[in-house]
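# What the coordinates show
Below are the chains, spelled out letter by letter.
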Amino acid sequence: MKLIQRKEFDNAWSLIGAFELEPYKLLEAITVECIKIDKAKKDVFPAWVYSNTRYSNGGTSKDRHWQLLQNFLRIAEEDTPGPSLPKKTIYYALLTHMWEIPEWLESSYMDDNIDEMLMCLLEFGDFDPAFKLSHKFMDKMASMLRSGSQLLEVTSILLPVNAFDHLLYLTSEEEEYSEARENGSQLLEVTSILLPVNAFDHLLYLTSEEEEYSEAREKLKTRFNEVLNGIVRVEKSSERFLSR
């Protein structure tokens, strides 16, 4: 699309919306332009940042170009329910250009689809960031546990067991990742247990007044805590790796 080539992103987006076209080339193009700006390290933004203001929050932030990309992504995701192909498009563009993943994009993936993010890293052979992301995810879960979050809130997070397993397999012959794999094996052992939290909570509630089930309730609580404590142990064992 010539509008994208001319960096007329606002007009290109209007055309995409009017004819229900896919937004992926537009998002990829903006991502690449954002990378170019960061590489140039200039004090003044190029003209396209100022000329595309229809979907901009304005302001003079040094991250104004990335904010513009975030706004386009938000609109694209609103128009594209289900798995976030728009987000994956941006992530692929960043990995292809070997550029650092912005914190806002990583946080978004951590909240709703860390499995996809890990699989993308594995596809590019980026094992170090994949391990760090895996343990960072477990840090988040352990932090939620320590803060007293409801069990349902903690375990409702999609655990990327397949991605963890694939990461361990791909690095199984790499000696430099041996320590990280050991931590990852513990992580996989814990997260491969699927916790039916709704059922547990409901069972404990329904039998809370039944004396005959008191021993069974305590046994269930104890086993549940053992699993959750295992998550915390994995989190602690990852601290040394994350500080590398």
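Residues numbered from 1 in each chain as written. Predicted model: local features only at pLDDT ≥ 70, side-chain atom pairs only at ≥ 80, totals over all residues. Heavy atoms only, no water.

### Observations regarding the packing of aromatic side chains
Our working rule: Stacked, tilted and edge-to-face are the three classes assigned to paired rings of Phe, Tyr and Trp, where Trp is represented by its six-membered ring and a pair needs centres within 6.5 Å; plane angles under 30 degrees give stacked, over 60 edge-to-face, the rest tilted. A helix here means a DSSP run of H or I that spans at least four residues, while a strand means a run of E at least two residues long, and both kinds are numbered starting from the N terminus. Accessible area is worked out with a 1.4 Å probe on protein chains only. A residue is then buried under 20% of its type maximum, exposed over 50%, and partly exposed in between.
Applying the stated criterion across every chain, the model contains 7 aromatic pairs. Measuring from centroid to centroid gives 5.9 Å for F127 and Y177, while their planes differ by 85°, and the two rings are edge-to-face. Remark: Y177 occurs in the loop between α11 (161–170) and α12 (178–191) and F127 occurs in helix α9 (residues 127–146); sequence separation between them is 50 residues. A residue is classified by how much of its surface remains accessible, and F127, at 14% relative accessible area, is buried.

### Looking at the confidence of the model for the protein chain
Applicable threshold: A residue's pLDDT is the confidence the predictor assigns to it, expressed on a 0 to 100 scale. The contact criterion used is simple: two residues touch if any of their non-hydrogen atoms lie within 4.5 Å.
Taken as a whole, the protein chain shows an average pLDDT of 77; of its residues, 69% reach a score of 70 or greater. The spread of mean pLDDT over the elements of the protein chain runs between helix α15 (residues 239–242), the lowest at 44, and helix α3 (residues 24–40), the highest at 97. Predicted confidence for residues 190–198 stays below pLDDT 50, and this span has 19 contacts to residues more than four positions away or in other chains. Counting interchain partners and residues more than four positions distant, the pLDDT-below-50 stretch residues 237–244 has 18 contacts.

### What to know about the environment of Y55
With respect to the helices, strands and loops of the structure, Y55 is situated in the loop between α4 (47–51) and α5 (64–79). Taking the C-alpha atoms as reference points, Y55 and D10, 45 residues apart in sequence, are found 7.3 Å from one another. Beyond its immediate chain neighbours, meaning those up to four positions away, Y55 contacts D10, W13, S14, L68, N71, F72 and I75.

### Brief notes about helix α6 (residues 85–96)
This is how the line gets drawn: Here the expected length of a helix is defined as 1.5 Å per residue gap, with one fewer gap than residues.
Counted at 1.5 Å a residue, the expected span for α6 with its 12 residues is 16 Å, and the 16 Å between its end C-alpha atoms agrees. Looking at the packing, one finds that the buried side of α6 touches α3, α5, α7 (103–112) and α8 (114–123). The first or second residue beyond α6 is M98, which carries a positive phi of 50°.

### Concerning the packing of α5 against α6
Spelled out, the test is: Working convention: axes come from line fits to C-alpha atoms, limited for helices to the stretch in contact. Angles between N-to-C directions cover 0 to 180 degrees. Ten residues, namely Ala, Val, Leu, Ile, Met, Phe, Trp, Tyr, Cys and Pro, are considered nonpolar, four, namely Asp, Glu, Lys and Arg, are considered charged, and the remaining ones, Gly among them, are considered polar.
Their axes nearest at 9 Å, the elements α5 and α6 cross at an angle of 145°. Two secondary-structure elements touch here, α5 through W66, L69, L73, A76 and E77 and α6 through P86, K87, I90 and L94. Of the residues in the contact of α5 with α6, the class split is 7 nonpolar, no polar and 2 charged.

### A look at the nonpolar core
What counts is decided by this rule: By nonpolar core we mean a set of buried residues, namely Ala, Val, Leu, Ile, Met, Phe, Trp, Tyr and Cys, connected to one another through side-chain atoms within 4.5 Å. Per the annotation, domain bounds derive from an automatic or database assignment of domains.
Core analysis: the biggest nonpolar cluster contains 48 residues, and F9, L26, I30, W48, F72, Y91 and L105 have the highest contact counts within it. Domain assignment of the residues forming this core places at least three in each of domain 1 (1–82) and domain 2 (139–243).

### Quick notes on unusual backbone geometry
In this structure, K7 is a non-glycine residue whose phi angle is positive, near 65°. By the secondary structure assignment, K7 is in the loop between α1 (2–5) and α2 (9–18). Of the residues examined, K7 reaches a relative accessible area of 28% and is grouped as partly exposed. A positive phi angle is found at K41, which is not glycine, with a value near 55°. Classification of K41 by relative accessible area gives exposed; the value is 73%.

### Some thoughts on the packing of α3 against α6
To keep things clear, this is the line we draw: Helix crossings are classified by the rotation of the near helix relative to the far one: an anticlockwise turn of less than a right angle makes the crossing left-handed, while a clockwise turn makes it right-handed.
Direction vectors running N to C along α3 and α6 enclose 35°, while the axes themselves pass 9 Å from each other. α3 and α6 meet at a crossing whose hand is right-handed. Contacts between α3 and α6 involve Y24, L27, E28, T31 and I35 from the former and L85, P86, T89, I90, A93 and L94 from the latter.

### Details of the pattern of salt bridges
Our working definition: Here, a salt bridge means any Lys or Arg side-chain nitrogen found within 4 Å of an Asp or Glu carboxyl oxygen.
Applying the stated rule across the entire model yields 5 salt bridges. A salt bridge links R6 to E8, with the nearest nitrogen and oxygen atoms 3.0 Å apart. For E8, a relative accessible area of 27% puts it in the partly exposed group. In this structure, the salt-bridge partner of E77 is K87, at a minimum N-O distance of 3.7 Å. Note that E77 is positioned in helix α5 and K87 in helix α6, a separation of 10 residues in sequence.

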